[in-house]
Structure formats: C-alpha cells, structure tokens
Amino acid sequence: MRIDKLLANSGYGSRKEVKQLLKTGVVKADGNVIKDPKTHVDPDQQEITVHEAVVDYREFIYLLMNKPQGLLSATEDDLQETVIDILQPEDALFEPFPVGRLDKDTEGLLIITNDGQLSHQLLSPKKHVPKTYFAEVSGFVTEEDIESFKLGVTLDDGYLTKPAKLVILESASVSKIELTITEGKFHQVKRMFEAVGKKVVYLKRLSMGPLQLDADLEPGEYRELTDEEVEELRNAKVFDL
Ligand code: URA
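Below is a summary of the structure that appears in this document. (Residues numbered from 1 in each chain as written. Predicted model: local features only at pLDDT ≥ 70, side-chain atom pairs only at ≥ 80, totals over all residues. Heavy atoms only, no water.)

## What to know about the nonpolar core
A general tendency of soluble globular proteins is for nonpolar side chains to be buried together. Judged by nonpolar contacts, the single largest core of 31 residues is most densely connected at Phe149, Leu179 and Phe193. Among the elements of the structure, β5 (62-67), β7 (106-113), β8 (131-138), α5 (143-151), β10 (174-181), α6 (188-195) and β11 (199-208) are those that each provide at least two residues to this core. Taken domain by domain, the makeup of this core includes at least three residues from each of domain 2 (62-125 + 210-234) and domain 3 (131-208). Filtering out sequence-adjacent residues up to four positions away, Phe149 remains in contact with Lys162, Pro163, Ala164, Leu166, Leu179, Met192, Phe193 and Val196. (Core = buried A, V, L, I, M, F, W, Y, C linked by side-chain atoms within 4.5 Å. Buried < 20%, exposed > 50% of the residue type's maximum accessible area, 1.4 Å probe, protein only. Helix = DSSP H or I, 4+ residues; strand = E, 2+ residues; numbered from the N terminus. Domains from an automatic or database assignment. Contact = heavy atoms within 4.5 Å.)

## Some details on the packing of aromatic side chains
Here the structure, examined in full by the defined rule, presents three aromatic pairs. Taken together, a centroid distance of 6.2 Å and an interplanar angle of 55 degrees make the contact between Phe60 and Tyr62 tilted. Here Tyr62 falls in the buried class, since its relative accessible area comes to 10%. Look at Phe134 and Tyr202: their rings are 6.1 Å apart centre to centre, the planes differ by 65 degrees, and that puts the pair in the edge-to-face class. Here Phe134 is found in strand β8, whereas its partner Tyr202 is found in strand β11, with 68 residues between them in sequence. When its relative accessible area of 15% is taken as the criterion, Phe134 is described as buried. Above the plane of the ring of Tyr159 lies Lys185, whose end atom (NZ or CZ) is 4.6 Å from the centre. (Phe/Tyr/Trp six-rings, centres within 6.5 Å; stacked < 30°, edge-to-face > 60°. Lys NZ or Arg CZ within 6 Å of the ring centre and 35° of its normal.)

Right under this line is the structure:
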C-alpha cells in the first residue's frame, strides 16, 4: 500500500500533511528514507518508522453506529448527508462503508467497516445472518400475521420471503413488534407488513448476527467494535428460523 495512505490511516495527519512529513526525511522503511508519497510499502514485511518510532499500522476499522433517521446509508451523495459524513476525520480516513443499507427513515444498528470480506460474508444470502428489528406498525398485528411471516409472505414483486419470526410486543391501533429476518431485500420489513395490509411507521434495527445495538449509543453516535465482537461477527453462523 502507499506510504501516504498508511501514515494517514495511522494518525499522522491528512494526506497533505503526510506529504509534508515525508519531505522532511523522517519516514523510513527498514531504515531507508522514503520521501515519495506514492512509494509502496508492505507493513507486514517492512518496519516503517517516523522519527525512529515504529508505526503501529492497522488496516481495518470496524464501527458500530446507532444510525439516526435522516441520513443515507451510503458513502457519499451529492445532495444528502450520509452516515460516513458524520464520522470523525480520523475514522473516515480508513474509507469505510456501511454494511448493507438501512432506509433514510430507519434507525439503529449499522456496521461500518472497510473490511470488504467481512461485509460480503455478513450480506451473503447463503449465510442467512439474522437481523432483528423493532417496529411500530399501524393496525392491530395478529397471530395470523405471525403464522404468515413464519411461512413467508409474497412481496409486491412476487418474491416469497424466507421464514421470519414475528413477536408481538403490543397489539393496538399502532402495534409494537420485533421481527427477525435472515435476508435483506429492499425495504423488506416495510414490504412484508404491506403484504399483510399494514404500514410500518417507525423502524429500528436492534441486532445483526451476534451483535446487539449498544444501549449507550444515542442516534448518531458510534463506537469501535472490540476484537472479540469482530471475531464473533466473522464466525456468525448460517441460521435458519
Ligand atoms: N427493512 C426495511 O423496510 N427498511 C430498512 O431500513 C431495513 C429493513
């Protein structure tokens, strides 16, 4: 990888600042001064130092965000604010992206990382990683809906959903429910309720595989995942409801 990217990702400033740093001749790879920001280095094979201090390099970043309503789950957008726009500059330097999408008006657990392999694994339809949502739904949610979701419902495009687990927390004119699904079709939760004649009026993701939304995180806040949490995500098992 390029030395300027490695240093920027390691907290030595922006790419521009790192370029200046390199010019001063204080950066070395295996003892040899590097001045050209385009120089490729291999942090696993070479010892990179700045002012003779070894650079503790890390390639990946793993963030757990409580996504607020009103932001797009995208890396950039010309008109609207995205979840990446609210990251601290030192985290954005890693060029992370959201793992899957939550709708603009959906809140809750969103993993943001630059680890493409883990992202692919979590989103793979073969893995069936369960995702649990809390929703408020206009209309009385019934036992019949539980049965329908267990069997799978047909969405507006003719797709028959995989079995999903519906738990009714409160059946009322605006019901409160939890729904666990193992796939991630576009607007899936909203469309599943449309399939049984009801409308989701509030949606929040509570969990993805083994990872739960952190109660300490207010909407718009995020934290890094621990090494153990990343490991658990990597081992997220194929799951059938
Ligand atoms: N299902 C939806 O309808 N919207 C989301 O944001 C996530 C799941």
